[in-house]
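# Coordinate analysis (summary)
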Amino acid sequence: MQFKLIKCLDRYMDLNHISELSAPAAAEILEKAGLLKDSDLRKGLPLRDLLRAGEFGEWAYQIGSTWHIKRSNIKWPEKQ
């Protein structure tokens, strides 16, 4: 599982008081954090590949062709 990616998205959601992100928004956040380089040709493809492979487990789901990532229930330490 991609714990660094999940942790980054969880922190973003915590700071912004939201419980869910779209895959395009998550891809942008991860690229800005330097954790997942996005594709120049097909935006969000690297993240979608991870989502399809089940790397986000129960915290990602699809409605139609649209992926959503929800806040995990992992309790992260304050500092790391």
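In this text, all values refer to a predicted model and were calculated from it rather than measured experimentally.

Reading the values: the criteria
- Residues numbered from 1 in each chain as written.
- Predicted model: local features only at pLDDT ≥ 70, side-chain atom pairs only at ≥ 80, totals over all residues.
- Heavy atoms only, no water.
- Helix = DSSP H or I, 4+ residues; strand = E, 2+ residues; numbered from the N terminus.
- Polar contact = N/O pair within 3.5 Å; in protein donor to acceptor, adjacent residues only side chain to side chain.
- Contact = heavy atoms within 4.5 Å.
- Axes fitted to C-alpha atoms, helices over the stretch in contact; angles between N-to-C directions.
- Parallel < 35°, antiparallel > 145°, perpendicular 65-115°, else oblique.
- Nonpolar A, V, L, I, M, F, W, Y, C, P; charged D, E, K, R; others polar.
- Pairing = 2+ DSSP bridges.

Let us now look at the side chain of H68. Secondary-structure assignment places H68 in strand β3 (residues 66-70). Of note is the side chain of H68, whose polar atom sits 3.3 Å from the side chain of E20. Not counting residues within four places of it along the chain, the set of residues in contact with H68 comprises E20, L21, W59, A60, Y61 and I63.

So, on to the packing of helix α1 (residues 3-15) against helix α2 (residues 23-32). Packing of α1 against α2 brings their axes to within 10 Å, and their N-to-C directions diverge by 105°. Considered as vectors, α1 and α2 are oriented roughly perpendicular to each other. When α1 is examined against α2, the residues L5, C8, L9 and Y12 are found in contact with a partner set consisting of A26, I29 and L30. Among the residues making up the contact of α1 with α2, the classes are represented as 7 nonpolar, no polar and no charged.

Pairing is antiparallel across the open sheet formed by 3 strands, whose spatial order is β1-β3-β2. Strands with a single pairing partner mark the edges of an open sheet, and in this sheet they are β1 (20-22) and β2 (60-63). With direction set aside, neighbouring strand axes in the sheet form an average angle of 30°. Against the sheet, α2 touches β1 and β3, its axis set at about 90° to β1.

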